[in-house]
Amino acid sequence: MRVCVALFTADLRLHDNPVLQAALRDAERVVPLFVVDTGIRRAGFVVPNRAAFLADSLADLDAALRERGGRLVVRVGDVVEETCRVAAETGADAVHVAGGVSRYAVRREDRLRAELAGDRRELRVHDASLTAVPPGALTPSGGGKDHFAVFTPYFRRWESFSVRRVLPAPDAVRVPDVRSADLPRAESLAAGSASPGLPEGGESGARRRLRSWLSGPLSAYDERHDDLAADATSRLSPYLHFGCLSATELLHRARSQDTPGAHAFVRQLAWREFHHQVLAARPDAADHDYRPRHDRWRHAPKEIEAWRDGRTGYPVVDAAMRQLRHEGWMPGRARLLAASFLAKTLYVDWRVGARHFLDLLVDGDLANNQLNWQWAAGTGTDTRPNRLLNPLVQARRFDPDGEYVRRWLPELRHLDAGTVHRLPRLDEAGRAGLEGLDYPAPIVDLETAAARFRAGRGVD
Ligand SMILES: Cc1cc2nc3c(=O)[nH]c(=O)nc-3n(C[C@H](O)[C@H](O)[C@H](O)COP(=O)(O)OP(=O)(O)OC[C@H]3O[C@@H](n4cnc5c(N)ncnc54)[C@H](O)[C@@H]3O)c2cc1C
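In this text, all values refer to a predicted model and were calculated from it rather than measured experimentally. (Residues numbered from 1 in each chain as written. Predicted model: local features only at pLDDT ≥ 70, side-chain atom pairs only at ≥ 80, totals over all residues. Heavy atoms only, no water.)

### A short note on the site of the ligand
Selection rule: The cutoff for a nearby residue is simple: one of its non-hydrogen atoms must lie within 4 Å of the molecule or strand. Under the rule applied, a polar contact is a pair of N or O atoms within 3.5 Å (in protein, one hydrogen donor and one hydrogen acceptor; residues adjacent in sequence only if both atoms are side-chain atoms). Only the protein chains shown count as cover for residues, and all accessible areas are computed by the Shrake-Rupley method using a 1.4 Å probe. Secondary structure elements are taken from DSSP: a helix is a run of H or I of four residues or more, a strand is a run of E of two residues or more, and numbering for both begins at the N terminus. Residue polarity is assigned by list, with Asp, Glu, Lys and Arg as charged and Ala, Val, Leu, Ile, Met, Phe, Trp, Tyr, Cys and Pro as nonpolar; anything else, Gly included, falls into the polar class.
Contacts to the ligand come from 29 residues, most closely from Tyr221, Thr233, Ser234, Arg235 and Asp363. For the ligand, a nitrogen atom lies 3.4 Å from a polar atom in the backbone of Arg272. Between Trp329 and the ligand, the recorded distance is 3.4 Å, taken from a side-chain N or O atom to an oxygen atom. For the ligand, whose free accessible area comes to 800 Å², the fraction covered by protein is 95%. Contributing elements (two or more residues each) for the shell around the ligand: helix H10 (237–241), helix H12 (260–281), helix H15 (332–345) and helix H17 (366–377). Broken down by element, the shell around the ligand gets its largest block of residues, six residues, from H12. In terms of residue class, the shell around the ligand is made up of 14 nonpolar, ten polar and five charged.

Encoded structure:
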């Protein structure tokens, strides 16, 4: 009887899972394997918020497999050693896995291929698992470039790519007799407590959110996604990050709705894929400037601390940072203005901010986080790298009634929108006139900051 292993990584789902489907086609018995990878833990990538989401997702996956007569097999240790061990114990002749884009994933794949080959077993890598368009499938015509460095031409080609069809969830999964560790609990994966407003992980939750998103809010996405108070984005990012939801299925289902909202949403999904193809081609963009600008970043520990704590004196930036801490998530507009504030207004190395985001974001993802940070800092793929976002203009535009700010900054709840927007411009006497104000004065003057940034970067 043929046996093979389906190694789950960032594809924790049964619906539209090419890895699992291929394994089931290949063999009568399949080991649905997840390895709690101690290597990733040591690298500091498992933090309480993502650990909690991961633990939920694994429990949900195990329950879904049990409904189909199977179960999730869990091992703890080095992912390559454990996978090879399980393959040997069960006599599996192949291991199926999704192709990744980070250095870590590529190294894991190379090591797995070599180790398995030594044992006369095969590694089968499925590229259309984590993104709808596999990284590397599209390259600019002529010039021998291996990836797109600018979004718009990428998007044009991406739109006409023929995306594979959606695969059904399997009806039955037959697992050979093999030892499994217990499902991990969040506390055993990472020390520390998760954010109180964290969403629940897992494919069931992903599918519920997908249904409610498609059945209404999606159609207004084009008009409302930047409205900070409206909370009108999909919040699907953590499910995409852990693969509880397939990017391919999401794309097909969004495309089936021919509305301006759906078109705008599909464009955002393309950004995710754009960043993945950049990181796949340039793995060192995770920690090196994609386009070096010879910045002389400032050393500003007190300002960094104020930014992390949401105490910069710029209400919209502070609201974003408090939401991050409370929910492990924030909408794209909030991420952008908080990142721009650190990297350009405070002129602090984007890596400092990216690390803080990765410490808290439940969807914290090397491709999306690092490359969006680089975009915001002007060291990445932004075609206007030296523009500065003014937090006062951003606040008036994207939170005109000050509702988002008041939601996340309780100390400003008693103020009307006009006062909230004016607050950073008030002098000492103006602030003294506001009764019971317990909120810091701005840590930086915007004009001074803009001049400092331009001088540091050597631009007019
Ligand atoms: C500084 C910074 C850091 C970021 N870090 C991450 C991160 O670690 N993980 C992450 O998934 N996203 C990250 N993003 C991208 C984006 O902000 C989030 O994906 C989005 O806000 C998640 O909310 P949503 O699911 O409601 O998005 P929606 O607005 O509903 O968009 C749908 C999906 O499109 C994709 N998407 C949207 N905007 C972007 C974008 N700018 N880049 C890439 N994909 C996008 C996401 O997969 C998202 O789930 C970051 C953006 C910035 C500016």
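### So, the sheet that holds strand E3 (residues 73–77)
Spelled out, the test is: For two strands to count as paired, DSSP must find a minimum of two bridges between them. To define axes, lines are fitted to C-alpha atoms, for helices over the stretch in contact only, and angles between the resulting N-to-C directions are given on a 0 to 180 degree scale. What makes two residues a contact is simply this: any of their non-hydrogen atoms within 4.5 Å.
Read across the sheet, five strands follow the order E3-E2-E1-E4-E5 without closing on themselves; strand pairing throughout is parallel. Where the open sheet ends on each side, the last strands, each with one partner, are E3 and strand E5 (122–126). Each strand axis lies, on average, 30° off the axis of its neighbour in the sheet, ignoring direction. The pairing of strand E1 (residues 3–7) with strand E2 (residues 29–37) spans five bridges and is classified as parallel. Among the inter-strand pairings, Leu7 is bridged to a residue of E2, identified as Leu33. Most of the contacts of helix H5 (residues 103–118) go to E5, to which it runs at about 150°, and overall it touches E1, E2, strand E4 (94–98) and E5.

### Concerning the nonpolar core
Under the convention used in this document: Throughout this description, the term nonpolar core refers to a set of buried Ala, Val, Leu, Ile, Met, Phe, Trp, Tyr and Cys residues connected via side-chain atoms within 4.5 Å. Only protein chains enter the calculation, and the probe is 1.4 Å; a residue is then buried if its accessible area is under 20% of its type maximum, exposed if over 50%, and partly exposed in between.
If you look at the biggest cluster of nonpolar residues, it comprises 94 residues, and the most contacted ones within it are Trp158 and Phe265. Residues in contact with Trp158, not counting those within four places in the same chain, are Val133, Leu138, Leu251, Arg255, Val266, Leu269, Ala270 and Glu273. Core analysis: the next-biggest nonpolar cluster, separate from the first, contains 50 residues, Leu360, Ala377, Trp408 and Val444 among them.

### Description of the side chain of Gln370
Of note, Gln370 is situated in helix H17. In terms of polar contacts, Gln370 uses its side chain to reach the backbone carbonyl oxygen of Ala286, at 2.9 Å. Non-local contacts of Gln370, meaning those with residues more than four positions away in its chain, are made with Ala285, Ala286, Trp350, Ala354, Leu358 and Asp365.

### Quick look at the environment of Val352
The topology assignment puts Val352 in helix H16 (residues 350–360). In this structure, the C-alpha to C-alpha distance between Val352 and Leu342, residues ten residues apart in sequence, is 8.9 Å. Filtering out sequence-adjacent residues up to four positions away, Val352 remains in contact with Ile304, Arg308 and Leu342.

### So, the pattern of salt bridges
Stated formally: When a carboxyl oxygen of Asp or Glu lies within 4 Å of a side-chain nitrogen of Lys or Arg, that pair is called a salt bridge.
Using the criterion set out here, one finds 33 salt bridges in the structure. Note that Arg124 is salt-bridged to Glu122, the shortest N-O span being 2.7 Å. For Arg124, a relative accessible area of 23% translates into the label partly exposed. Glu122 gets classed as partly exposed once you look at its relative accessible area, which sits at 37%.

### Points about helix H14 (residues 315–327)
What counts here: Multiplying 1.5 Å by the helix residue count minus one yields the expected span of that helix.
An ideal rise of 1.5 Å per residue puts 18 Å on 13 residues; H14 measures up with 18 Å between its terminal C-alpha atoms. For H14, the tally of buried residues reaches eleven of 13 residues, placing the bulk of the element in the interior. Turning to H14, its buried residues are Pro315, Val316, Val317, Asp318, Ala319, Ala320, Met321, Arg322, Gln323, Leu324 and Glu327. One or two steps after H14, the chain reaches Gly328, where phi turns positive at roughly 70°.

### A few points about the packing of H15 against H16
Short version of the rule: Throughout, a crossing is termed right-handed when the near helix is turned clockwise from the far one, and left-handed when it is turned anticlockwise from it by less than a right angle.
Two elements in contact, H15 and H16, have axes separated by 9 Å at closest approach and are oriented at 140°. As H15 packs across H16, the resulting crossing turns out to be right-handed. From H15, Arg335, Ala338, Leu342 and Ala343 reach across to H16, where they touch Trp350, Val352, Gly353 and Phe357. Residues that form the contact of H15 with H16 fall into these classes: six nonpolar, one polar and one charged.

### Re the state of the cysteines
Two cysteines form a disulfide when their sulfur atoms are joined by a covalent bond. Our working rule: Here, two cysteine sulfur atoms that lie within 2.5 Å of each other are counted as a disulfide.
The tally for this structure, following the rule as stated, stands at zero disulfides. This cysteine, Cys4, is not joined by any disulfide, and Cys84 carries the nearest cysteine sulfur, 15 Å off. Judged by relative accessible area, which is 0%, Cys4 ranks as buried.

### What about the packing of H14 against H16?
The contact between H14 and H16 brings their axes to 9 Å, and the two run at 35°. Facing H14, whose interface residues are Met321, Leu324 and Arg325, H16 presents His356, Phe357 and Leu360. Taken together, the residues that form the contact of H14 with H16 break down as four nonpolar, one polar and one charged.

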